[in-house]
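Here is what each chain is made of, one letter per residue.
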Amino acid sequence: MKRMLLLPFVLAACATSATVDWGDFDVLSRPACPPHRALGGIPVSEAQYATFLHWGERFFRQGTYGSERSVTDVMGVLGGTVQVDCGPECSEDLAVLDVYVAALDDLDGVAGNLFGGNGAGRTSDLVLRFPPGTTVYDLPVPEELHTGLDVEAGGIWPLGLQPVPTEDEGDWLFEPSSWEGVGPGAPEGRFRARLTCAACHYSLDIDNDGVADLDSAKRGEPTPGADWPPSAAWGVGNQDLHFGWLFGLSANPLMGAVVLAGDIGSDGPEKGADATRFTTWLENTWEEEPDKAAREVVRGMLVQPRGYADVNSDAAFNTMQLPPLYTRHLWPANVNGAIFDPVDRNNTVWSGALDFTGLIGLCLQRGGQTQVPGETTGGHIGAMDCEKFARMMVAMAPSAKDDAAREALVTDILGTEDGIPGMLGPEGIVVIPGPGTILPEEVKDAARAHGRLREFEYYGKAGESRRSSMALLGYRLGLPPVEDAELGLADAAAEVGLQPEEMVSHTLNLMMDWIEPPANESALLAASADLVAQGAEVFADAGCADCHSGPFFTDNRLIPLSEDAELNFGEPRVASTTGWRTPQRSLGPVIDTQPERAASARKIRRFASAPYDPRTGLPVGKASPLGNLLRAQTVGYRTAPLRHVWASAPYLHDGGVGVASTVDPGTDLSAHLARVSRGQAVHGMGQILAVHEADPTPGLRPDAALSLQALVLEGERERVIAANQTASIPVLGTSAFRTDQPSLVSMASVGVGGKGHDFYLDDVPGGPDVTALVAFLLALDDCVGDLPGRSGDACPDEYAVPADQGLAMCPETPGLYGDLSGWYAPEAP
Amino acid sequence: MIALLIGLAGASELAPYAQIEVDTSGLHVAVAATSVLSPELYLFTGLTWQDGLDPLASQTGVGRPHADVGLVAELGALHVLTAVGAGWDGWESAPFVMGRQHAVVELPPLPLLIENRFQIEASLGQRVDVENRSMVLYRMHPVALGVQVEPAWTSNADPRTPLGARANIEAGPATLGLFAGWDIAQGQPAARFTGVVPF
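Rules used in this analysis
Residues numbered from 1 in each chain as written. Chains lettered and ligands numbered in written order. Predicted model: local features only at pLDDT ≥ 70, side-chain atom pairs only at ≥ 80, totals over all residues. Heavy atoms only, no water. Helix = DSSP H or I, 4+ residues; strand = E, 2+ residues; numbered from the N terminus. Rg over C-alpha atoms; globule rule 2.2 N^0.38 Å. Buried < 20%, exposed > 50% of the residue type's maximum accessible area, 1.4 Å probe, protein only. Contact = heavy atoms within 4.5 Å. Areas by Shrake-Rupley, 256 points an atom, 1.4 Å probe, with all protein chains shown as cover. Lys, Arg positive; Asp, Glu negative; His and termini not counted. Charge placed at Lys NZ, Arg CZ, Asp CG, Glu CD. Phe/Tyr/Trp six-rings, centres within 6.5 Å; stacked < 30°, edge-to-face > 60°. Lys NZ or Arg CZ within 6 Å of the ring centre and 35° of its normal. Disulfide = S-S within 2.5 Å. Polar contact = N/O pair within 3.5 Å; in protein donor to acceptor, adjacent residues only side chain to side chain. Pairing = 2+ DSSP bridges. Salt bridge = Lys/Arg side-chain N within 4 Å of Asp/Glu carboxyl O. Arc of directions from axis to C-beta. Axes fitted to C-alpha atoms, helices over the stretch in contact; angles between N-to-C directions. Parallel < 35°, antiparallel > 145°, perpendicular 65-115°, else oblique. Core = buried A, V, L, I, M, F, W, Y, C linked by side-chain atoms within 4.5 Å. Expected span 1.5 Å × (residues − 1).

*Asks:* A description of the overall build of chain A should follow, citing residues and the corresponding values.
*Replies:* On a plain count of helices and strands, chain A comes out with 30 helices and 20 strands. Taking 2.2 N^0.38 as the reference for a compact globule, 829 residues should give roughly 28 Å; the C-alpha atoms of chain A span a radius of gyration of 26 Å, in line with that estimate. With respect to the principal axes defined by its C-alpha atoms, chain A has extents near 70 × 65 × 60 Å. Looking at chain A residue by residue over its 829 residues, the buried ones come to 62%. Long-range pairs, those at least 24 residues apart, make up 75% of the contacts in chain A with a sequence separation of at least 6. By element, 52% of the accessible surface of chain A is carried by carbon and sulfur atoms, the whole surface being about 29,200 Å². Distance between charge centroids for chain A: 8 Å, based on 57 positive and 113 negative side chains.

*Asks:* Can you break down the overall build of chain B residue by residue, with the values?
*Replies:* Across its full length, chain B carries 1 helix and 15 strands. Relative to its 199 residues, chain B shows a buried fraction of 49%. Contacts in chain B between residues at least 24 apart in sequence constitute 41% of all its contacts with a sequence separation of at least 6. Accessible surface, chain B as shown: approximately 8,100 Å² in total, 71% of it carbon and sulfur.

*Asks:* Lay out the packing of aromatic side chains with the relevant residues and their values.
*Replies:* Here the structure, examined in full by the defined rule, presents 21 aromatic pairs over all chains. Taking 5.4 Å as the distance between ring centres and 65° as the angle between the ring planes, the aromatic pair formed by Phe 52 of chain A and Trp 55 of chain A counts as edge-to-face. Separated by 3 residues within a single helix, Phe 52 of chain A and Trp 55 of chain A lie in helix 2 (residues 46–62), roughly one turn from each other. Taken as a pair, Phe 52 of chain A and Trp 55 of chain A share a single burial class, namely buried. An aromatic cluster is defined as three or more aromatic residues linked by ring pairs; in this entry it consists of Phe 115, Trp 157, Phe 174, Trp 179 and Phe 191 of chain A. Directly above the ring of Phe 96 of chain B sits Arg 64 of chain B, whose terminal nitrogen or CZ lies 4.4 Å from the centroid.

*Asks:* Lay out the state of the cysteines with the relevant residues and their values.
*Replies:* Residue and element names in this part refer to chain A. Tallying each qualifying case throughout the model produces 2 disulfides over all chains. Covalent S-S linkage joins Cys 86 and Cys 90, the inter-sulfur distance amounting to 1.6 Å. Between Cys 86 and Cys 90 the sulfur-sulfur dihedral comes to about -95°; the bridge is accordingly left-handed. Each sulfur of the disulfide joining Cys 363 and Cys 386 lies 1.8 Å from the other. Given an S-S torsion of about 85°, the disulfide between Cys 363 and Cys 386 has right-handed geometry. Of this pair, Cys 363 sits in the loop between helix 10 (342–353) and helix 11 (386–393) while Cys 386 sits in helix 11, placing them 23 residues apart in sequence. The exposure classification of Cys 363 matches that of Cys 386, with both residues buried. Of all cysteine sulfurs, the one in Cys 200 lies closest to Cys 197, which takes part in no disulfide; the gap is 8.4 Å. Take Cys 547: it sits in no disulfide, and the sulfur closest to it among the cysteines is that of Cys 544, at 9.2 Å.

*Asks:* Just give me the short version of the side chain of His 102 of chain B, but keep the residues and values in it.
*Replies:* Among the structural elements, His 102 of chain B can be located in strand 7 (residues 94–107). For His 102 of chain B, a relative accessible area of 11% corresponds to the buried category. Of the polar contacts made by the side chain of His 102 of chain B, one reaches the side chain of Arg 100 of chain B; its length is 3.0 Å. When near neighbours in sequence (up to four residues on either side) are disregarded, His 102 of chain B contacts Thr 578 and Trp 580 of chain A together with His 79, Val 80, Leu 81, Asn 116, Arg 117 and Gln 119 of chain B.

*Asks:* Outline the environment of Thr 667 of chain A, listing residues and values.
*Replies:* Residue and element names in this part refer to chain A. Mapped onto the secondary structure, Thr 667 falls in the loop between strand 17 (659–661) and helix 25 (669–674). For Thr 667, a relative accessible area of 45% corresponds to the partly exposed category. Sequence separation between Thr 667 and Ser 528 is 139 residues; the distance between their C-alpha atoms is 7.6 Å. Those residues in contact with Thr 667 that sit more than four places away from it in its chain are Ala 523, Leu 524, Ala 527 and Ser 528.

*Asks:* Summarise the pairing of strand 15 (residues 188–198) of chain B; cite the residues concerned and give the values.
*Replies:* Regular strands place side chains that alternate from one sheet face to the opposite one. Residue and element names in this part refer to chain B. Both strand 1 (residues 14–23) and strand 15 contribute to a ladder of 7 bridges, which runs antiparallel. In the sheet register, Tyr 17 faces strand 15, and the bridge partner there is Pro 198. Examined bridge by bridge, strand 14 (residues 174–183) and strand 15 share 9 bridges and lie antiparallel to one another. Paired with Leu 176 across the bridge in strand 15 is Gly 195.

*Asks:* Tell me about the pattern of salt bridges, residues and numbers included.
*Replies:* Opposite charge on two side chains permits pairing when their charged atoms draw close. Residues and elements named next belong to chain A. In this structure the tally under the stated criterion is 49 salt bridges over all chains. In this structure, Asp 263 and Arg 738 form a salt bridge, with 2.9 Å as the shortest nitrogen-oxygen distance. Placement of Asp 263 in the loop between helix 7 (257–260) and helix 8 (271–285) and of Arg 738 in the loop between strand 19 (727–730) and strand 20 (744–746) is noted, with a sequence separation of 475 residues between them.

*Asks:* How would you summarise helix 26 (residues 685–694) of chain A if you had to cite specific residues and measurements?
*Replies:* Residue and element names in this part refer to chain A. Among all positions in helix 26, only Met 685, Gly 686, Ile 688, Leu 689 and His 692 are buried. What you see down the axis of helix 26 is that its buried residues fit within an arc of 160°, all on one side. At its buried positions, helix 26 is contacted by strand 11 (308–309), strand 17, strand 18 (681–683), helix 28 (714–725) and strand 19.

*Asks:* A description of the packing of helix 27 (residues 704–712) of chain A against helix 28 of chain A should follow, citing residues and the corresponding values.
*Replies:* All names here are of chain A. Put simply, helix 27 and helix 28 touch, their axes get as near as 5 Å, and they point 105° apart. Overall, the two elements helix 27 and helix 28 adopt an arrangement that is roughly perpendicular. Here Gln 709, Ala 710, Leu 711 and Val 712 of helix 27 lie close against helix 28, whose contacting residues are Glu 714, Glu 716, Arg 717 and Val 720.

*Asks:* How would you sum up the nonpolar core? Please name residues and give values.
*Replies:* Residue and element names in this part refer to chain A. Judged by nonpolar contacts, the single largest core of 193 residues is most densely connected at Phe 389, Phe 776 and Leu 778. Looking at this core element by element, the count peaks at 8 residues for helix 29 (residues 768–778). Leaving out residues up to four positions away in the same chain, Phe 389 has contacts with Val 258, Leu 359, Ile 360, Cys 363, Ile 381 and Met 384. With 16 residues, the next largest nonpolar core counts Val 303, Val 682, Ile 688 and Val 750 among its residues.

*Asks:* Give me helix 12 (residues 403–414) of chain A: which residues, what numbers.
*Replies:* Residues and elements named next belong to chain A. Taking 1.5 Å as the rise per residue, helix 12 with 12 residues should run 16 Å; its terminal C-alpha atoms sit 16 Å apart, in good agreement. Here helix 12 has its buried residues at Leu 409, Val 410, Asp 412, Ile 413 and Leu 414. On its buried face, helix 12 sits against helix 3 (68–75), helix 11 and helix 13 (441–449). At the exit of helix 12 stands Gly 415, carrying a positive phi of roughly 75°.

Here it is, written out as structure tokens:
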């Protein structure tokens, strides 16, 4: 009996949680391991590496795959209309685009020179100026609306909004030559604009002080006198972007309804049920009263805090900080471990975040059909009829001028004719019909007819392990025809030995792995340089390095979310009578941070994620519902890497730990940290943003040193958590959905609690240990050993090294330079 | 005793617990601890006192102390304790050795927990006992309900096979288990109370 019972489990349970042993790696005297000069794990020449880096930068900044159609034709970015007060009983329409164009032209303070270089005007926070009394859906619009959009010197498009020329005609298209009052020299023709990765992850404000530091983020265009190269802008994250206004001022806010809006103020156990009630109300309202529905959606969008993004498509407020993007030696590929492979991460971002129409994969007759024990079923998008959901997304689309145009959009989103769900260009997309994916038969049939079906095995060895996580929304990025024709992607893939349809993602990953966090050149760190070595000892002695280990300050493990089994597994559990059994306690203490982000991926973790090796990031088994059923798949968060904490406050994955200084920090770190006891600090991001929104130039911003102190001192953290629980975010107007919605909501209610990670120093604000530790943390940048004001260079200027040399530089981690040959190779003929 | 366990474990991450079992035959008290050796491997050390009626052979005796040591392997969803021990058998008035293996599989996607205990004890020169307890629990909060079967065999007595229902109750970190059933081989009722308290 014993053998019968145990044998299947012995065979199935083979996951590992061992981590890289970094030994005595001294971050103060050794550089972080440079990027491997390889693409998809395959070594390439120096010339090839430079080419692929350029391609990756291009795809990251400019995008591809045709998302411009949904962003322009359906969402109508910058295409909204506001109402301007013109006296009693009088209001006039004002196009948001006109205000945007005027704001651009005004960047240098000189009117009429937009297309002539615009006086090299630049900004990290484009300000739209509206007349007093302006409203949108009867909701007040600020006279000076800080968008957080970055515009390079002389640019006419913000970073992350990429123009795409088109021969199509339509008044919803961008036509710069028709922009009035901004001078001659406009580019001819019409354009669509696509949303790209750069919108969230690029910024010209490198040190997050509210002032643009660079003229340009383009390689080869350094800014005279700047402390940082253009590439410093690539990964820092746009910390002041206001997603709510970006979508709220579009022509069709209904497109983002189930992502960025919800039942405002809903919190606690009823959040999921409230979200379902909201989507049901929306489903029953938009057709008869689209403006009423849109107004409710915009109200929700404007609750989204600046610098945060809610990418959970759950009609609830579960926002998180826009993260910095330093991916080298960092896995699994996203913070909650739902996806271990960076190629699949890119696929999910592109198919679901940069084009919301891809969320059609989650509707009732598709993803909504996936029922899992212990997980809620239906609800949110999963409760919405697919066709109705598609119709709602295009209800206010600026390109839906007549029924025929509207029907064409609906059919395109459903994918029943071109075989591709969502509105990405079908020529560059494929679908995967295998088990665990969510496509209806008619879509598969259409895809088959167009030659757009792919099996897991098509992707070779990697595909066999990744399986359903390769196409969480049913479809997958392929080979974009325009870029292939221009760059020769398929030929390059064949030359290297990679799957051609994944070349875009591979080059993106190469680019992201290449980026170094910018150096901290602050006077505060320069004056505290003597404390850094002591801080490293505190870091080690306090046990921080047990998880935040090695040169990248992460062990790449997933830390269990909670001791509460229901949070971890979605169901209550009772322990066994076997006293020695404490499941997965070896994975370290639970993190207990804001649970929503991990919980939102719980179903994927339990059934679609492959188990991975923290040492290499590679899977140690196949991703499959049956296989995962026999494993202990941790639900939680990946240990955060710490490089760049000096400029990425607030902290924790939810961005919940933020403290701002109301006076200049000066150069005495201990005195600066002690100011929290003298009433010279603001605790809590809601409170900081409230002050910031009242005067956003440059506005109150979280201070890295004070926020790091709040991360490691229990008393300070308690102040932050209490502040996050306090209502601080204004809610505009009254709700047509739920009339008793509050007029102010807390940061905690939108998913920003700042709790958890309860590992504290025994010290007081400004005390010796915490001061040294904060000094060390502020030094974690591209080269920890290089401190401002000190001579010498602890790190060489190599940015990428051949595989053999790389192995010599970081022998502790063969995973970083391991042989991935064949991993991403196409299936053998 | 705790100090001894800590000394045996010799590691920083220590998880001590006490376990008490009372059934129709007597009392069984154990104090044990595990400590981490590696991420997947723990050292187990335990001290046990067993008193009352010999559950297998219907013999009476006072005291059956023993100590055991083993390893706990954490293999994904599967946790296995393998231990060996030695002590004095008050029933047989002879030293005895024992070996046991406990295995637990929990299935996070399903509300099921499967536990199996397999144990061999040999009083040197006297007899050999073999026992296998298996249970499947369907877990709800704060209780779990399931079925349990306990076939057992000894070299100088009849076998016994209690088969019955089990309820677990979770009270904070502690777990209490109640088994009630019928011993098919012996033709009599069978019952057991088990409590585990970490400290």
